[in-house]
Amino acid sequence: MQVSNFYTDELRDQMLYSELAGSVNDEDARKRFLELSKVEEGHSRFFLSLLKKLGERVPSPPSRLRVKFEALIMRLLGFGLLMRLFEEREAATVVNYLKLFEDKRLDENDRKALKGIVQEEMEHESFFSEKSSLSIVENLRDVLFGMNDGLVELLAAVSGLAGAYQRSFLVAITGIVIGIAGALSMGVGAYVSTKSENELNQNRSLRAQLSRLVFGGQQGREEKETSAKESAVYVGIFYIIGALVPTVPYFMPFSITIDQVASTLLAVLALSIAGYMTSIISGVSGRRKVAEMVFLALAAALATYLLGNAIRILTGATVGFLAL
């Protein structure tokens, strides 16, 4: 990321924290948001001075209307989920700032100031972690992972089926079957991968303990173990939810064309929301993430629709059970 992006991100966070401070019911969180807003203001000033020092263009400040809209969306998500989103966001920010340390254009004073900023961002992460305690919040990545996969895969699947069958009811029934099969497959995959990751982390922890016993040294940070069963359940459930979005419109008593348009529009809306939430926890541009997810999903849907049409034309599959 460029220094200009860091500057605008800090400035937006300053405005966002200030906006949220006036809307949360938790008094401790309200005071903390106001404190964080002042801290982010200091961070933005550092990056502004760094931009001028490096001779780079200073970008325009974020739109206040956009910040208000983001704050509204976050308030609608609920306090627990909001805290989890900010925890993930701060974690991504720290990683990006650590990469900036390697920039040869920075002198020792710059790196010292940046180190202080990283420490403050890590303190922010700890605060948000304390406030996010709901089970669904703890499994936010699994929720988004399952939802995104269900949306993209089933939009592509039902688009291909629509091209091949040209019958809404058949598309809907087949889509439901594919969605259930996909949810089971994704759930099993999430269980196996999470369990393997936990086992790997346990082995690393044991090796670290052994190393401390033999060679001495301070104890490192313990990795939090994720429940493999919970991960599987959340991935599977939200895969189904995502899969239903582009599938349900085919149950409507309209033409296949209207059903397909409705399916695509609903999927695009859901993908935009999921993409925005993903951008928050990954620390990337929301607009870019949403555009990327929507473009790839539509490209996949178009490709499978054309494939379905080609199969229907080549096989003449317009008779028999397809006449339902």
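Residues numbered from 1 in each chain as written. Predicted model: local features only at pLDDT ≥ 70, side-chain atom pairs only at ≥ 80, totals over all residues. Heavy atoms only, no water.

### Topic: the overall build of the protein
Scanning the protein from N- to C-terminus turns up 11 helices and zero strands. From first element to last, N terminus to C terminus, the protein shows the α and β order α-α-α-α-α-α-α-α-α-α-α. In the protein, which comprises 324 residues, the share counted as buried stands at 44%. The long-range share in the protein, meaning contacts at least 24 apart out of those at least 6 apart in sequence, stands at 78%. By element, 61% of the accessible surface of the protein is carried by carbon and sulfur atoms, the whole surface being about 17,600 Å². (Helix = DSSP H or I, 4+ residues; strand = E, 2+ residues; numbered from the N terminus. Buried < 20%, exposed > 50% of the residue type's maximum accessible area, 1.4 Å probe, protein only. Contact = heavy atoms within 4.5 Å. Areas by Shrake-Rupley, 256 points an atom, 1.4 Å probe, with all protein chains shown as cover.)

### Some words on the packing of aromatic side chains
Any pair of aromatic rings gets described here by the distance separating the centres and the angle formed by the planes. Going through the model one piece at a time under the given rule, you end up with four aromatic pairs. Considering the side-chain rings of Phe 46 and Phe 47, the 5.1 Å spacing of their centres and the 70° angle between planes classify their relative orientation as edge-to-face. Accessibility expressed as a relative area gives 14% for Phe 46, which makes it buried. Note on Phe 47: relative accessible area 0%, which makes it buried. With a centroid separation of 6.4 Å and 20° between ring planes, the pair formed by Tyr 234 and Phe 238 is classed as stacked. Within this pair, Tyr 234 and its partner Phe 238 are both found in helix H9 (residues 228-247), separated by four residues, close to a single helical turn. With a relative accessible area of 15%, Tyr 234 lands in the buried category. (Phe/Tyr/Trp six-rings, centres within 6.5 Å; stacked < 30°, edge-to-face > 60°.)

### Side note on the confidence of the model for the protein
For the protein, mean pLDDT is 79; residues scoring 70 or higher make up 75% of the total. In the model, residues 218-223 has pLDDT below 50 throughout and makes six contacts with residues more than four positions away in sequence or in other chains. The low-confidence segment residues 318-324 (pLDDT under 50) makes nine contacts with residues lying over four places distant or belonging to another chain. (pLDDT = per-residue confidence, 0-100.)

### Focus: helix H7 (residues 140-165)
Between its terminal C-alpha atoms H7 stretches 36 Å, which fits the 38 Å expected from 26 residues at 1.5 Å a residue. Most of H7 sits out of view: 21 of its 26 residues are buried. Positive backbone phi, approximately 60°, marks Gln 166, located one or two places after H7. (Expected span 1.5 Å × (residues − 1).)

### Structural notes on the side chain of Arg 12
Mapped onto the secondary structure, Arg 12 falls in helix H1 (residues 3-21). Here Asp 9 takes part through its side chain, which lies 3.2 Å from a polar atom of the side chain of Arg 12. (Polar contact = N/O pair within 3.5 Å; in protein donor to acceptor, adjacent residues only side chain to side chain.)

### Description of unusual backbone geometry
Notably, Gln 166 is not glycine yet its phi reads approximately 60°, a positive angle. Owing to a relative accessible area of 25%, Gln 166 belongs among the partly exposed residues under this scheme.

### Observations regarding a nonpolar patch on the surface
On the surface, a nonpolar cluster with roughly 530 Å² of combined accessible area is contributed by Phe 169, Ile 173, Val 177, Leu 244, Val 248 and Phe 251. The topology assignment puts Phe 251 in the loop between H9 and helix H10 (256-282). (Patch = residues over 30% accessible without salt bridge, like charges linked within 9 Å, V, L, I, M, F, W, Y side chains within 5 Å. Salt bridge = Lys/Arg side-chain N within 4 Å of Asp/Glu carboxyl O.)

### Points about the environment of Ile 241
For Ile 241, the position within the fold is in helix H9. Remark: the alpha-carbon pair of Ile 241 and Asn 148, spanning 93 residues in sequence, is separated by 9.8 Å.

### Here's the deal with the packing of H7 against H9
At a minimum axis separation of 7 Å, H7 and H9 run at an interaxial angle of 35°. Note on packing geometry: the crossing formed by H7 with H9 is right-handed. Taken together, the residues of H9 that come into contact with H7 (itself represented by Asp 142, Val 143, Phe 145, Gly 146, Met 147, Asp 149, Gly 150, Leu 151, Glu 153, Leu 154, Leu 155 and Val 158) are Ser 231, Tyr 234, Val 235, Phe 238, Tyr 239, Ile 241, Gly 242, Ala 243, Val 245, Pro 246 and Thr 247. Tallied by class, residues from the contact of H7 with H9 come to 15 nonpolar, five polar and three charged. (Axes fitted to C-alpha atoms, helices over the stretch in contact; angles between N-to-C directions. Left-handed = near helix turned anticlockwise from the far one by under 90°. Nonpolar A, V, L, I, M, F, W, Y, C, P; charged D, E, K, R; others polar.)

### Looking at the pattern of salt bridges
Counted under the stated rule, the structure contains nine salt bridges. Salt-bridge contacts for Arg 45 lead to Glu 41; the nearest nitrogen and oxygen are separated by 3.6 Å. A residue pair is termed a helical-turn pair when its members lie 3 or 4 positions apart in one helix, as Arg 45 and Glu 41 do in helix H2 (residues 27-54) at four residues. Under the relative-accessibility criterion, Glu 41 is labelled partly exposed at 33%. As a salt-bridge pair, Asp 103 and Arg 105 come within 2.9 Å of each other at their nearest N and O atoms. Exposure remark for Asp 103: the relative accessible area of 18% places this residue in the buried category. Assessed through its relative accessible area of 42%, Arg 105 is described here as partly exposed.

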